[in-house]
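# Topology and contacts: notes
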Amino acid sequence: MALKCGIVGLPNVGKSTLFNSVSSGKAQALNFPFCTIEPNLGSIPVPDTRLEELARLVQPRHTVPATVDFVDIAGLVRGASKGEGLGNQFLANIRETDALLHVLRCFDSPHVVHTDGSVDPVRDLEVVETELQIKDLETVENRMAKVEKQAVAGGDKEAARMLDLLERYKKALGEGQNARKVIPANHQEEQMAHGLFLLTNKPVLYVCNIDEQSAVSGNPYTQAVAEKLEEDKEPFLIVAAQAEALIAEMEDPEEKLEFLSLIGLEESGVSRLIQAAYKLLTLETFFSYNDTEARAWTFRKGTKARQAAGLIHSDFERGFIRAEVIKFEDFLHYGSESACREAGKISAEGRNYVVQDGDIIHFLFSPV
């Protein structure tokens, strides 16, 4: 499964610059609102030294990393929920993503205009969230109008449960809270909530886009964002998108490290961004290999062996027999599958085994 992250925010906050720094796509990043109209699509391999180590040991012909897909979505403005700017198109594009990277402008520049005339990332954050909440409230109220008759007049128990959930969403959204603040009571409510496709129910990572000089220490703008998000315990990351875009164009790894050192960073913002996105969606990685390829597979934490097999091929899931599992640390220590087998470090697991981050798995299945 590829993680699909939508990059959102007001116009001219650095969304397209960030997109260019993290993806294989090249979006226009110009100084005027709605430079981006159609969403730009791109992807990037997930950096994982474990896959590199596995490939070094097994020497496959190909190495296939996990990937993250990025969508650079047109900027949102006040009134987007009512169709202002590219509102309806913007909102439709958001619905198709797994998570959102909400870019906030945290830098001053006389060369980059701000649609509201001044730099204020907390205000910008509230503008975007308010528009999304208004649209979600509209969605909830429309659904309530349909469900209420079934629940009250028709005595439909499932409709009654949906109505109860919708009423909680309506209350939260009406108070200016995001839908993700409403915690489903059980698995059934989780399924119902997923089916509503509420915009503010999506996980969000707030990205403070700063100037190169503030890449390490941040600045008063990022401090204001931190104080705002601390109240709601929302995750955020500081990234110098313009500097990251320059790094992305460098082909020499040594040159990249030298540039990072020059601005006081040990790790690129791209790597930190992907790691934070994985954590946000509780994603983990298992590995498979044969003579042809060593490959990383992304799965949600808590996934069981049979479902993980289906990520490779649906036949693996349908005809699942068992999973032979080697812990990455054991493979690295013993150096080969045969050595791990001799040391008793390969376990045979059934369909209900909960896959762990870093597992190296060989699935046995019966063709069906």
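Residues numbered from 1 in each chain as written. Predicted model: local features only at pLDDT ≥ 70, side-chain atom pairs only at ≥ 80, totals over all residues. Heavy atoms only, no water.

### What about helix H9 (residues 253-262)?
Regarding H9, its N-cap is Asp252, as a side-chain oxygen of that residue lies 3.0 Å from the backbone nitrogen of Glu254 further along. Positive phi shows up at Gly264, right after H9, with a value of about 90°. (Polar contact = N/O pair within 3.5 Å; in protein donor to acceptor, adjacent residues only side chain to side chain. Helix = DSSP H or I, 4+ residues; strand = E, 2+ residues; numbered from the N terminus.)

### What about the environment of Thr115?
With respect to the helices and strands, Thr115 occurs in the loop between strand E5 (99-105) and helix H4 (121-152). A relative accessible area of 34% means that Thr115 is categorised as partly exposed. (Buried < 20%, exposed > 50% of the residue type's maximum accessible area, 1.4 Å probe, protein only.)

### Comments concerning a negative patch on the surface
Together, Glu251, Asp252, Glu254, Glu255 and Glu258 make up a region of like negative charge exposed at the surface. Mapped onto the secondary structure, Glu254 falls in helix H9. (Patch = residues over 30% accessible without salt bridge, like charges linked within 9 Å, V, L, I, M, F, W, Y side chains within 5 Å. Areas by Shrake-Rupley, 256 points an atom, 1.4 Å probe, with all protein chains shown as cover. Salt bridge = Lys/Arg side-chain N within 4 Å of Asp/Glu carboxyl O. Lys, Arg positive; Asp, Glu negative; His and termini not counted. Charge placed at Lys NZ, Arg CZ, Asp CG, Glu CD.)

### A word on the packing of aromatic side chains
Using the criterion set out here, one finds 7 aromatic pairs in the structure. The cationic tip of Arg105 hangs over the ring face of Phe107; the distance from NZ or CZ to the ring centre is 4.6 Å. The residue whose ring lies beneath Arg295 is Trp297, and the NZ or CZ to ring-centre distance is 4.3 Å. (Phe/Tyr/Trp six-rings, centres within 6.5 Å; stacked < 30°, edge-to-face > 60°. Lys NZ or Arg CZ within 6 Å of the ring centre and 35° of its normal.)

### Thoughts on the side chain of Asp72
Within the secondary structure, Asp72 is located in strand E4 (residues 67-72). Comment: no salt bridge for buried Asp72; closest opposite-charge side chain is Lys15, at 5.5 Å. Looking at Asp72, its side chain comes within polar contact range of the side chain of Ser16, at 2.6 Å.

### Describing the pairing of strand E8 (residues 283-289)
Counting buried positions along E8 yields 6 of 7 residues, so the element is predominantly enclosed. Across 7 bridges, E8 lies against strand E9 (residues 293-300) in antiparallel orientation. Paired with Leu283 across the strands is Arg300, a residue of E9. Hairpin connection, E8 to E9: the antiparallel pair is bridged by 3 residues. (Pairing = 2+ DSSP bridges.)

From the geometry alone we can't say anything about function, so treat these as descriptive.
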